[in-house]
Structure formats: structure tokens, C-alpha cells
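Coordinate inspection notes
The lines below spell out each chain.
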Amino acid sequence: MQTEEVMQLAEEKLIHTYNRYPIVLEKGNGIRLYDTDGNRYLDFGAGIAVFALGYNNKEYNNALKNQIDKMIHTSNYFYNEPAVLAAKAITAASGMDRVFFTNSGTEAIEGAIKLAKKYAYLKDNSTDHEIIAMEHSFHGRSMGALAVTGNYHYQEAFGPMLSGVKFARFNDLNSVKELVNDKTCAIIFETIQGEGGIYPATKEFMEGVKQICDEKGILLILDEIQCGMGRSGSMFAYQQYGVEPDILTCAKALGCGIPIGAFLAKEEVAKAFVPGDHGSTYGGNPLACAAAVEVFNQFNKFNVIENVKTVGVYLTERLNQVVHDYEIVRERRGMGLIQGIELTVNPKDVIAKCLDNGLILFAAGTNVIRFVPPLVITTGDVDEMIEKLRKVLDEFI
Ligand SMILES: *Cc1c(COP(=O)(O)O)cnc(C)c1O
């Protein structure tokens, strides 16, 4: 198909929920993407923090091909090997005891909310429990996840929302304390807020919330759908805080392109669910789990997290220089390979110009450009990105 035909058909037939850039992507290799007109892009978006291993990774592709030839899908009424291997890998990597696999991030949040409610129900038999979530958070688009997403604009047209959700200010412990009562069953937040603009939780906030949870028997749900899977410089970002959640959600890079998410829990919490409480036709299917298993293999084999640490430090330095050199760049935030710069101009304008210069970046919040590249990038790739970015920023002076 011609490039124009693809774009025209998309505008005619897809429900218009995204404003797309006028580019038709066709294939990728490593951290490069190519469009149908043969243009090449340096990818610092990774399909929104997904494609951690880079494109066209032969071993990953072969693992999928092998599984396709064996069995793509079976029902959860039977056991299958990829699912248990994936479960073993993700529980070991996170320190959680048990996992439920989903098909997306938002479904992982749904499961986490249900599990927290069931756990609380078993304790006191009541069904009016409350959840404390954070302003400017993002947890997904399905009704439960939307209800804990602290963005009025996303919720406005879709009420009534799930009741019993209250919003505190992220990194403001007192605002959490004010909302806690006997009905509170869970506190949910992203260890590093992603869509909201790349805001890491402070250590004091993490520790303070954990203390409240321990004192009151409230579950801590950490959403690491975006910042997990090595992106922060540790397998999960909370591991750098010395605070463990009771329930953890994961998705995006877990399958590196094959749709799979997960919610995990400590044994005591996980056992609140019994057969019949939750389920998914596709969740944890052999193909998706084979992808996750190979992702963990690749992480181990190529020391991906070490790379994130090294290149993350370098990215931090280079972005700090950009903050220093350009008045329109106010601040850098984030860690590892989940970082953002806050601008005084519309980030969408900068991103569009970056695309013209062969660089893919995404916005976050209203005034932030985020950097969530594949986790296998090198310092040389960072140099190339910074060079392109600076060239574009020069046009905004
Ligand atoms: C992307 C994201 C979600 C939703 O994941 P989907 O796979 O898009 O449903 C939830 N929480 C966070 C932190 C995310 O970044």
C-alpha cells in the first residue's frame, strides 16, 4: 500500500482516539525504525516504553517463532510451560510470591484493585472499602483503572466512576494521611509517575506511605507498568527505595511488544483470590508468556540493567547540560532510562520537529518531553539523540 492510502484508510476506519503523526512505520532494527518512504528514525520512545530489547532481536524473534509452531493459545484450565517459567522469572525478579498474567497494563490494575478489595472483604466482611490514589497519576483506560487515574479530563465524560476513590497529592505524605480512615483498603501510585510528567516518588514519601500501610493494615499497590522491567536502573524501581509493595503491577516492557501484563502479590494477599474470583481467556497464554520468558533471558544474558545504569547516568549528564544551555528547558527529572525535561514551550511542537530530524520522542503531562528508549542503547546513541534535540531546540530560541 502507498503511504497516503494507509493514512487515509486509518482516518476513515479507525475510531479517532489518537492524533497520529503523518508517518507510516514499517520496520525496525535495533533502535532504528523505518517508515514506508524509507526514512530512518532514532527511537527514544520504544513504542511507549515497551520495546526494551530493540527491534528485530533475533533470539527474541526465534523464541516466539518456536512457540508459534508448538502452541499459541490454550485455556487456563490446563497447565502450560511458558506460563510457569514466566511466573518463576517475574516472581524472582520482583520478590513477590505469586502472579496473575493479563493482556495489558490496565487489566493488571483492574486485577490489583479487585485483589485489594477481596483481601479487605475477607478481613471485615464489608463492601464499602476505599482506595487512595494520586493526582496526576495514570493507571489505564478501563473503568477501574480510570477511576484511580488522577486526571479529571480523562474521567469527565465517563461517570459515574467507581466509588470510594480519593486523591492525594503525590509526594505529599500529609495529604495521604488526611484521607486515611478505617475503610481504606489500598494506596496506589506509580513509583515513578510516567504519563503525568516523569515524577519519581521521594524516598520520604515511599517510606511514609509504607509506614501508614503497615500501621493500618492497608495494602500498598505500586504501579510499575512503565517504570518497571529495568527501566529505572533496577529491575523494579521500588528496589532502589528499600520499600516493598503488597501488590505490584507490570506490563509495557514485560513482553517487549507481545501484549502481556501482570499483577503480583505477596502470598498472604494472593491467597485472598480463589477459583472463580478472577480470570482471563488470553491472560498468560503460551505465546505471550514465551515472550516474557525470553525477555528475562535477554536481560540476564546481556546484563541489560547494568547497561541502563551506565547509559542512564550518561543521559542524565547530557540532559543536565541541555537544561543548563537552553532557557526553554526548565528542569530534568527521572532516573535510568525513564527521564523527562520540562519545557516552557509546547512539547508537541518540539517533538514534531524532532521527527523531521529523524528522532522519535513522546510527550508526558502537558509540558514534558520524555525519554524512554530501548534499554539496549549505547552512550553513542545518546550523543546522536542529544545532537538532534539540540538542533531542534536551537530553532525555538
Ligand atoms: C501505560 C500505563 C498503564 C496502562 O497500560 P495499558 O497497557 O496501556 O493498558 C497503566 N499504568 C501506567 C503507569 C502506565 O504507564
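Since this is a predicted model, take the numbers as computed values, not measurements. Residue positions are given per chain, counting from 1 as you read along its sequence in written order. Thresholds applied to this predicted model are a pLDDT of at least 70 for local features of residues and 80 or more for the giving and counting of side-chain atom pairs; totals over whole chains, interfaces and linings are not thresholded and use all residues. As a convention, hydrogens and water are excluded, and side-chain values are obtained from all of the structure's heavy atoms.

**Observations concerning the overall build of the protein**
Using the following cut-off: Runs of E in the DSSP output that reach at least two residues are strands. Runs of H or I that reach at least four are helices, and both are numbered from the N terminus. The globule rule used for comparison is 2.2 Å times the number of residues to the exponent 0.38, while the radius of gyration itself is calculated over C-alpha atoms. Residue exposure (1.4 Å probe, protein chains only): buried if accessible area is under 20% of the type maximum, exposed if over 50%, otherwise partly exposed. Note on areas: Shrake-Rupley, 1.4 Å probe, and residue coverage restricted to the protein chains presented here. Positive charges are assigned to Lys and Arg, negative charges to Asp and Glu, while His and the chain termini are left out of the count. Think of each charge as sitting on NZ of Lys, CZ of Arg, CG of Asp or CD of Glu.
Across its full length, the protein carries 14 helices and 17 strands. Here the protein has a C-alpha radius of gyration of 21 Å; the compact-globule value for 397 residues is 21 Å, and the two agree. Seen along its three principal axes, the alpha-carbon backbone of the protein occupies a region of about 60 × 50 × 45 Å. A burial count over the protein gives 54% of its 397 residues as buried. For the protein, the accessible surface area stands at approximately 18400 Å², while carbon and sulfur atoms represent 51% of it. Positive and negative charge centroids in the protein, built from 38 and 50 side chains respectively, lie 3 Å apart.

**A look at the packing of aromatic side chains**
Formally: Ring pairs shown here join Phe, Tyr and Trp side chains whose ring centres sit within 6.5 Å, with only the six-membered ring taken for Trp; geometry is labelled stacked below 30 degrees between planes, edge-to-face above 60, and tilted in between. The criterion for a charge sitting over a ring is simple: Lys NZ or Arg CZ within 6 Å of the ring centre, and within 35 degrees of the ring normal.
All chains considered together, the criterion is met by nine aromatic pairs. Relative to Y238, the ring of F236 has its centre 6.0 Å away and its plane inclined at 10°; by these criteria the two rings are stacked. By relative accessible area, F236 is classed as buried at 0%. Counting every residue linked through ring pairs, the aromatic cluster contains F51, Y55 and Y60. Its end group placed over the ring of Y154, R141 keeps NZ or CZ at 4.1 Å from the ring centre.

**Some points on the domain arrangement of the protein**
Selection rule: An automatic or database domain assignment supplies the start and end points of every domain. We call two residues contacting when some pair of their heavy atoms lies within 4.5 Å. By buried area we mean the combined loss of accessible area, with a 1.4 Å probe, across both parts when two parts are placed together. By convention in these notes, a salt bridge is any Lys or Arg side-chain nitrogen within 4 Å of a carboxyl oxygen on Asp or Glu.
Examined at the domain level, the protein breaks down into domain 1 (3–56 + 303–396) and domain 2 (59–301). Relative to domain 2, the C-alpha centre of domain 1 lies at a distance of 26 Å. Listed by partner, the interface residues are 29 residues for domain 1 and 30 residues for domain 2. When the buried area of domain 1 at its contact with domain 2 is split by residue, L53, M335 and I338 rank highest and sum to 27% of it. On inspection of domain 1 and its partner domain 2, the count reaches one salt bridge. Between R370 and E195 there is a salt bridge, and its shortest N-O distance comes to 2.8 Å.

**Considering the side chain of H139**
Threshold: Here a polar contact is recorded for every N or O atom pair within 3.5 Å, except that within protein the pair must consist of a potential hydrogen donor and a potential acceptor, and residues adjacent in sequence are included only if both atoms are side-chain atoms.
Note on placement: H139 falls in the loop between β5 (130–134) and α6 (143–147). Classification of H139 by relative accessible area gives buried; the value is 2%. A distance of 2.7 Å separates a polar atom in the side chain of H139 from a polar atom in the side chain of D223. Excluding residues that lie within four positions of it along the chain, H139 makes contacts with T106, I109, A145, V148, T149, I188, F189, E190 and D223.

**What about the nonpolar core?**
Defined as follows: Put simply, a nonpolar core is a bunch of buried Ala, Val, Leu, Ile, Met, Phe, Trp, Tyr and Cys residues held in one set by side-chain atoms that sit within 4.5 Å of each other.
Within the largest apolar cluster, 96 residues are counted, with the highest numbers of intra-cluster contacts made by I187, F189, F371 and L389. Counting residues per element, this core draws most heavily on helix α11 (residues 286–301), which supplies nine residues.

**Here we look at helix α3 (residues 58–70)**
Here is the rule: By this rule the span expected of a helix is its residue count minus one, scaled by 1.5 Å. The directions from the helix axis to the C-beta atoms form the arc being described.
Over its 13 residues, α3 extends 18 Å from the first C-alpha to the last, a length consistent with the 18 Å expected when each residue adds 1.5 Å. Those residues of α3 lying buried are Y60, A63, L64 and Q67. What you see down the axis of α3 is that its buried residues fit within an arc of 95°, all on one side. Facing away from the buried side of α3, by more than 90 degrees, are the exposed residues K58 and D69. Next to the buried residues of α3 lie α4 (81–94) and α11. The opening residue of α3, the one whose side-chain oxygen lies 3.1 Å from the backbone nitrogen of E59, is N57.

**Quick look at the site of the ligand**
Put simply, the rule is: One heavy atom within 4 Å of a molecule or strand makes the whole residue count as near it. Amino acid classes used here: Ala, Val, Leu, Ile, Met, Phe, Trp, Tyr, Cys and Pro are nonpolar; Asp, Glu, Lys and Arg are charged; the rest, including Gly, are polar.
The immediate surroundings of the ligand are formed by S104, G105, T106, F138, H139, G140, E190, D223, I225, Q226 and K252. Between an oxygen atom of the ligand and a side-chain N or O atom of Q226, the distance comes to 2.8 Å. Within the contact set of the ligand, an oxygen atom lies 2.6 Å away from a side-chain nitrogen or oxygen of K252. In isolation the ligand offers 380 Å² of accessible surface; the protein chains occlude 81% of this area. Looking at the shell around the ligand residue by residue, the classes come out as two nonpolar, six polar and three charged.

**Let's talk about the sheet that holds β5**
Counted only if it meets this: Paired strands, in this sense, are two strands between which DSSP finds at least two bridges. Fitted lines through C-alpha atoms give the axes, limited to the stretch in contact for helices. The angle between two N-to-C directions lies from 0 to 180 degrees.
Spatial strand order, β4-β12-β11-β10-β7-β5-β6: seven strands in an open sheet with mixed pairing. Sheet topology places β4 (98–102) and β6 (165–168) at the edges, where each strand pairs with a single neighbour. Sheet twist, expressed as the mean angle between neighbouring strand axes with direction ignored, is 20°. Relative to strand β12 (residues 261–265), strand β11 (residues 247–250) is paired through four bridges, and the arrangement is antiparallel.

**A few points about unusual backbone geometry**
G159 connects to P160 through a cis peptide bond whose omega is -5°. Located in the positive-phi region is K252, a residue other than glycine, with phi close to 20°. Here K252 lies in the loop between β11 and β12.

**Details of the confidence of the model for the protein**
Put simply, the rule is: What pLDDT conveys is the predictor's confidence in a given residue, as a value from 0 to 100.
Residue-level pLDDT values for the protein average 98, and 100% of them are 70 or greater. Confidence, read as mean pLDDT per element, is least for helix α7 (residues 152–155) in the protein (94) and greatest for β11 (99).

**Remarks on the sheet that holds strand β16 (residues 362–364)**
Across the sheet, which stays open at both edges, the four strands sit in the order β13-β14-β17-β16 with antiparallel pairing between neighbours. With partners counted over all chains shown, the strands left at the sheet margins are β13 (329–335) and β16, one partner each. Strand-to-strand twist in this sheet, taken as the mean axis angle between neighbours without regard to direction, amounts to 30°. Sheet topology note: the β16/strand β17 (residues 368–371) ladder contains three bridges and is antiparallel. Its bridge partner lying in β17, F362 is registered against R370. Contacting β13, β14 (338–343) and β17, helix α12 (residues 304–325) crosses the sheet at an angle of about 170° to β13.

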